[in-house]
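Listed below are the residues making up each chain.
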Amino acid sequence: MPYPDPSTPIASRVVVPQVVVPRSRRRRGPRPLATLPAVLVGLLLAVVPLPLVPAPGAVTSVGAAPATSPPTSLPVPVDTWAWCGVHPDDPAAAASAQAMAESAGISVTFGPCNVPAPGYSPAFTADRYVSPEVYRRLVEINAAAGLRTVVYDARVWSADPAVRAAAIAFWEPWTDHIEAWDMGDEFDPAGTEWPILVQRWNRVRTLVTPQTGVRPFTNHLYWATDEALRDLPGSEQLLSFTLYGTDLGASVARTHDADVGTLMCGVNAYDHFGYVPSPDKIRADMAALRAAGCDQFLVFGGHPVYASQVFGDWSIVDRQGRPTVWAPAVLEGSGRSSFTGVTPARLLETRAGLTTVDGAQNGVGRRGDGAVSGVDVVGRAGLPWDVAAVALTVTAVDPSRAGFVTIWPCGRAQPVASQLTHARTTAATTVVVEPGQDGRVCVYNMAATDLVVDVNGYVPEGAAFVAGDPARLLETRVGDAAAGEVLTTVDGRDQGIGPREAGTVTEVQVTGRAGVPATARSVVLSVTVTAARAAGYVTVYPCGTPVPVSSNVNYTAGATVTTTVVSPVGTGGRVCLFTMSTVDMVLDIGGHLPALAPISTEPPSRLLDSRSGTGVATTDGRHLAFGPVRPDTVTSFTVAGRAGLPSTVRTVALSVTVTEPVRSGFVTIYPCGSPRPNASHVNFVARQTVANLVFAEVGADGTVCAYSMAGTQLVVDVIGALP
């Protein structure tokens, strides 16, 4: 055995735990299994850089090819409005608006939701709507959060031209932030008020919209959609309806899809008529409505109904303005990722003379063999307390020998698994892990080493991904029984099966093991290659599909390399691993994506390649063949608007590869225009080829910056956008 075994049971090792004592934390109750954003996982399904080593002749069909093709289709977020906006007098108004925009992906809100007083009707609204002066303050608050507003002001449909002119003048400074004029909702075509709506609608459409650029809008009950299309000109461009029961309007959507330019469908996010939604229900409803032809959503929720308990204490946000577990469900259901990137920040630094983001857990000393370090995560570097999972870059610095590192939620038993396996060299990997007891994650290092932990982002509670404790699914090696070395998997399957031969495919059963249900669509895996007989690569992909022209793990002869992969589950609940060269392999699972979560599987596209030579290319010929980056320099490259990415992209998943470095060093990825953070993403030694998955925020000008400590060739592939 050339490398120590990550799966040797804890009891068989000589372990003297060394625990980093965390700062005092607020105690929390038992936590459910963590969740991770659906779209985030979908975008990680593509793989780490295309092979950097040539394929052997025997398997030329899966050899290297430049990643020059843009993604076939990126997720298209669906515009989502919220029925209830904030009341400007609410102390939490600004925080609520910001939370709705950022945590739930809301683009437009209506006014404050007051419970209608006796005598209310759609045309004669009693005190349901607030005054224009209050509405204008709402428009200001929404605009500061990047939201637009649907405004109710009865003056805009007045028969008196002077009244209309006064209203237009009143709103003129703010029309860029007004989405529509609210005409009221749920008019009954069979009632006496329908003609009133038609008259008001046409007056606004012909006399006010041409001057303000703001159209009229009304939301209908499902039985009024035909009459709306008949009697309200312009409804065919945006038809909005609500159906509270049965299929929530999927049948209505299918009926009107071909005849309506934009179809807006209602989704419930309130304790409404005794119906209390859940994150899974919200996502499922939105998925069903999108499949039926809905182009936009109107979420019946948003801010809690003002000064009332009729609809409960919370919806997308609570009364303190904080996002609830329904917020990421709405965000994901509309096609966005709930992953929240943060500027990379250091949480643990064992070495002296360096620092962390807040000075805590800094210079705590080298971790000895078998140490367990508790790392405070939540409440630091901008992370809130209620997070489901965090994205961390974990680095073993100058380890004393070959070994491995395991990361898991504190407060639980240490799993028989590893996310970072290393030789006697500095190595790093990206992990997504649930914070455990008191908001900490635990880090076990088999071999004495310095440890560095950087945070890159987090996932709020209520998102779709289920993060379980790491568990081993594949172990090709056979331990030395005489030395007490036991190599095993979580259930005894797929263990001791011997090295995987060059050019072969290994199928691994995933569902039905380690708590992964049969309905799982994708899984998070840590893939370790060790004792490689020659340089090569491993490709992970769903069984039942062709082997992709790409790779997940690149390695040299004799190397030990670990990479995080998120793969769809294929035929029979299995994933397949193609091996270019003969290697031993270890596969650990860290979580799964439920069946209801939306998926986007995109091929990687190359954004930057400093190398020259045959077959070297980027997606559009930019940032290509400019030579090795110099030491202690920053290389900026454009992300927005390339490889099919939108110009407004805010976060991307990147595979960053270093090859041919002249000496040891590291690379840090961060948004251009921001100070270079005290963090690292790829750590390397001289002449090593190494890659890592990086969640990167995009700068205001659409660029990402890469700082390199040492001179090296640099390759960057975009795996996908987090819209």
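Residues numbered from 1 in each chain as written. Predicted model: local features only at pLDDT ≥ 70, side-chain atom pairs only at ≥ 80, totals over all residues. Heavy atoms only, no water.

Caption draft 1: Expanded view of the sheet that holds strand 1 (residues 79-84). Taken in spatial order, the eight strands close into a barrel running 1-2-3-4-5-6-7-8, and their pairing is parallel. Where strand 5 (residues 215-221) lies against strand 6 (residues 239-242), three bridges are found, and the strand directions are parallel. Its bridge partner being in strand 6, Asn219 is matched across the sheet by Ser240. (Pairing = 2+ DSSP bridges. Helix = DSSP H or I, 4+ residues; strand = E, 2+ residues; numbered from the N terminus.)

Caption draft 2: Representation of the nonpolar core. Counting residues in hydrophobic clusters, the biggest one holds 65 residues, and the most contacted among them are Trp181 and Ile316. Once residues within four sequence positions are removed from consideration, Ile316 is found in contact with Met100, Ala104, Ile106, Val299, Gly302, Arg322, Pro323, Thr324, Ala327 and Val330. Ranked by size, the runner-up nonpolar core spans 27 residues in total, among them Ala640, Val656, Val667 and Val690. (Core = buried A, V, L, I, M, F, W, Y, C linked by side-chain atoms within 4.5 Å. Buried < 20%, exposed > 50% of the residue type's maximum accessible area, 1.4 Å probe, protein only. Contact = heavy atoms within 4.5 Å.)

Caption draft 3: Looking closely at the environment of Asp247. Along the chain, Asp247 falls in the loop between strand 6 and helix 7 (250-256). When the C-alpha positions of Asp247 and Ala288 are compared, they lie 8.6 Å apart, and in sequence the two are 41 residues distant. The residues touching Asp247, leaving out its near neighbours within four places in the chain, are Arg254 and Leu289.

Caption draft 4: How the structure looks around the packing of aromatic side chains. For the structure shown, the criterion picks out 15 aromatic pairs. Taking 5.5 Å as the distance between ring centres and 75 degrees as the angle between the ring planes, the aromatic pair formed by Tyr222 and Trp223 counts as edge-to-face. An aromatic cluster is defined as three or more aromatic residues linked by ring pairs; in this entry it consists of Trp83, Tyr270, Phe300 and Phe311. The lysine or arginine in question, Arg136, covers the ring of Phe170, its NZ or CZ lying 4.0 Å from the ring centre. (Phe/Tyr/Trp six-rings, centres within 6.5 Å; stacked < 30°, edge-to-face > 60°. Lys NZ or Arg CZ within 6 Å of the ring centre and 35° of its normal.)

Caption draft 5: Structural view of the side chain of Thr582. With respect to the element layout, Thr582 can be found in the loop between strand 23 (574-579) and strand 24 (584-593). Judged by its relative accessible area of 15%, Thr582 falls in the buried class. One polar contact links Thr582 to Glu501, side chain to side chain, over a distance of 3.4 Å. Setting aside chain neighbours within four positions, we find Thr582 in contact with Pro499, Arg500, Glu501, Ala502, Ala531, Ala532 and Arg533. (Polar contact = N/O pair within 3.5 Å; in protein donor to acceptor, adjacent residues only side chain to side chain.)

Caption draft 6: Geometry of the sheet that holds strand 10 (residues 371-376). Pairing in this open sheet of four strands is antiparallel, and the strands run 10-15-12-13 from one edge to the other. The open sheet has two edge strands with one neighbour each: strand 10 and strand 13 (420-422). Taking each pair of neighbouring strands and ignoring which way they run, the sheet shows an average axis angle of 20 degrees. (Axes fitted to C-alpha atoms, helices over the stretch in contact; angles between N-to-C directions.)

Caption draft 7: Summary view of the packing of helix 2 (residues 93-104) against helix 9 (residues 326-333). Relative orientation of the contacting elements helix 2 and helix 9 amounts to 50 degrees, with a least axis distance of 8 Å. As far as their axial angle goes, helix 9 and helix 2 are oblique. Contacts between helix 2 and helix 9 involve Glu102, Ser103 and Ala104 from the first element and Ala327, Pro328, Val330 and Leu331 from the second. The residue inventory of the contact of helix 2 with helix 9, partitioned by class, reads five nonpolar, one polar and one charged. (Parallel < 35°, antiparallel > 145°, perpendicular 65-115°, else oblique. Nonpolar A, V, L, I, M, F, W, Y, C, P; charged D, E, K, R; others polar.)

Caption draft 8: Region of interest: the pattern of salt bridges. This model, assessed by the stated rule, comprises 29 salt bridges. Linking Arg351 and Glu349 is a salt bridge whose minimum nitrogen-to-oxygen distance equals 2.8 Å. The class for Arg351 is partly exposed, based on a relative accessible area of 26%. Several salt bridges converge on common partners, so that one network encompasses Arg346, Glu349, Arg351 and Asp454. (Salt bridge = Lys/Arg side-chain N within 4 Å of Asp/Glu carboxyl O.)

Caption draft 9: Representation of unusual backbone geometry within the structure. You will see that Gln361, though not glycine, has its phi angle at about 50 degrees, which is positive. Of note, Gln361 is situated in the loop between strand 9 (340-349) and strand 10. Judged by its relative accessible area of 9%, Gln361 falls in the buried class.

Caption draft 10: Structural detail: the state of the cysteines. Tallying each qualifying case throughout the model produces five disulfides. The residue that forms a disulfide with Cys265 is Cys294, at a sulfur-sulfur distance of 2.0 Å. One disulfide, between Cys265 and Cys294, carries an S-S torsion of -90 degrees and so falls in the left-handed class. With a gap of 29 residues between them, Cys265 in strand 7 (residues 263-268) and Cys294 in the loop between helix 8 (279-292) and strand 8 (296-302) connect regions that are remote in the sequence. In this pair, the class of Cys265 matches that of Cys294, namely buried. Through a disulfide, Cys543 is tied to Cys576; the S-S separation comes to 2.1 Å. With the S-S bond torsion at 115 degrees, the cross-link from Cys543 to Cys576 turns out right-handed. Of this pair, Cys543 sits in the loop between strand 20 (536-542) and strand 21 (553-555) while Cys576 sits in strand 23, placing them 33 residues apart in sequence. Accessibility assignment for this pair places Cys543 and Cys576 in one class, buried. (Disulfide = S-S within 2.5 Å.)

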